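Overview (structure and organization)
The lines below spell out each chain.
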Amino acid sequence: MDKVRKFIWFPTPYHSILLWLVWQILHDFSRGHMILGAVFAIVIPWIVAPLSEKESVAKKPLKLLTYTLRLLFDIIVSNYDVAKRVLQSNRSLQPAFIAVPLDISEPLPLTLFTSSVSLTPGTVSVELSDNRQWLYVHVLHLEDEQQLINLIKKRYEMPLKEIFGC
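An account of the accompanying structure is given in this report. (Residues numbered from 1 in each chain as written. Predicted model: local features only at pLDDT ≥ 70, side-chain atom pairs only at ≥ 80, totals over all residues. Heavy atoms only, no water.)

With respect to the secondary-structure elements, I75 resides in helix α3 (residues 61-87). Apart from residues lying up to four places away in sequence, I75 is in contact with L119, T120 and P121. (Helix = DSSP H or I, 4+ residues; strand = E, 2+ residues; numbered from the N terminus. Contact = heavy atoms within 4.5 Å.)

Spelled out as structure tokens, the structure:
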């Protein structure tokens, strides 16, 4: 039996709001642009919605806030550490590539995870394996590979698994 798709005015309400806001920012706040922006904010998501895959939803949004604050803290601390290392002699740096085994495979949590690794100074997500089981990361300074892998998994992957329930 075919599933009948019911008509929804706002299939992705957050995208509609974002589209309308961006339209207003790019144009003047005249009545005409507000109406035209609203039309685009309704029509574009409505046309695109059938083409979209179902996205993961944060099952624990408060933990997502905690995760974001932790990430911001890590970015600040890592900036300080990287600045200190860069100002010292380059001979003391031990750059390396590491392979981090992955326990998450859903697109949104995986994107947040790889982005979190890249946002933290001193580490860059280089490549995701074709089977999505390994993330290859370049590290500015590596002292203990297994300790760093455990730290990345504990601080970023485990919380995302909990937040998205994957």
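Picking up after the structure, the text goes on.
Moving on, we come to the sheet that holds strand β3 (residues 134-139). Ordered by their spatial adjacency, 3 strands build an open sheet running β1-β3-β2, and the pairing between neighbours is antiparallel. If you trace the sheet from one side to the other, it starts and ends with β1 (96-101) and β2 (123-128), each paired once. The sheet shows a mean angle of 30° between the axes of neighbouring strands, taken without regard to direction. Taken together, the 6 bridges between β1 and β3 define a ladder with antiparallel strand orientation. (Pairing = 2+ DSSP bridges. Axes fitted to C-alpha atoms, helices over the stretch in contact; angles between N-to-C directions.)

Below, the discussion takes up the pattern of salt bridges. In total, this model carries 7 salt bridges according to the counting rule given. Of the charged contacts, one joins K60 and E162 as a salt bridge, the two residues approaching to 3.5 Å between their closest N and O atoms. Taken as a pair, K60 in the loop between α2 (31-48) and α3 and E162 in helix α5 (residues 145-164) lie far apart in primary sequence, 102 residues in all. The class of K60 is partly exposed, set by a relative accessible area of 37%. Look at E162 and you get partly exposed, because its relative accessible area is 36%. Of the charged contacts, one joins R155 and D74 as a salt bridge, the two residues approaching to 2.8 Å between their closest N and O atoms. Taken as a pair, R155 in helix α5 and D74 in helix α3 lie far apart in primary sequence, 81 residues in all. The buried category is assigned to D74, whose relative accessible area is 9%. A single network of salt bridges, built from pairs that share partners, joins K60, K63 and E162. (Salt bridge = Lys/Arg side-chain N within 4 Å of Asp/Glu carboxyl O. Buried < 20%, exposed > 50% of the residue type's maximum accessible area, 1.4 Å probe, protein only.)

In this section: the nonpolar core. One finds I98, V100, F113, L135, V137 and I152 to be the most contacted residues of the largest nonpolar core, which totals 22 residues. Elements represented by at least two residues in this core include exactly α3, β1, α4 (107-119), β3 and α5. Counting residues per element, this core draws most heavily on α5, at 7 residues. The residues touching L135, leaving out its near neighbours within four places in the chain, are I98, A99, V100, L102, F113, T114, V117, S125, E127 and L128. (Core = buried A, V, L, I, M, F, W, Y, C linked by side-chain atoms within 4.5 Å.)

Here we take up the side chain of S125. By the secondary structure assignment, S125 is in strand β2. Among all residues touching S125, those that are not within four sequence positions of it are T114, V117, S118, L135 and Y136.

What follows concerns the environment of S78. Of note, S78 is situated in helix α3. In this structure S78 comes out as buried when scored by relative accessible area, which is 15%. Considered as a pair, S78 and K54 are 24 residues apart in the sequence and their alpha carbons are 34 Å apart. Discounting residues that sit within four places of it in the chain, S78 has contacts with T120 and P121.

It is a general feature of regular strands that their side chains alternate between the two faces of the sheet. Side-chain alternation along β3 places L135, V137 and V139 on a buried face and W134, Y136 and H138 on a face that remains uncovered. Here β2 folds back onto β3, and the loop between the two strands holds 5 residues, one of which, R132, carries a positive phi near 60°.

In this section: the packing of α4 against α5. Following both chains from N to C, one finds α4 and α5 inclined at 155°, their axes separated by 10 Å at the closest point. The angle between the axes of α4 and α5 places the two elements in the roughly antiparallel class. The interaxial crossing formed by α4 with α5 has right-handed handedness. Contacts between α4 and α5 involve L108, P109, L112, F113, S116 and V117 from the former and I152, Y156, E157, L160 and F164 from the latter. Among the residues forming the contact of α4 with α5, the class breakdown is 9 nonpolar, 1 polar and 1 charged. (Parallel < 35°, antiparallel > 145°, perpendicular 65-115°, else oblique. Left-handed = near helix turned anticlockwise from the far one by under 90°. Nonpolar A, V, L, I, M, F, W, Y, C, P; charged D, E, K, R; others polar.)

Treat this as a map of the structure, not an account of what it does.
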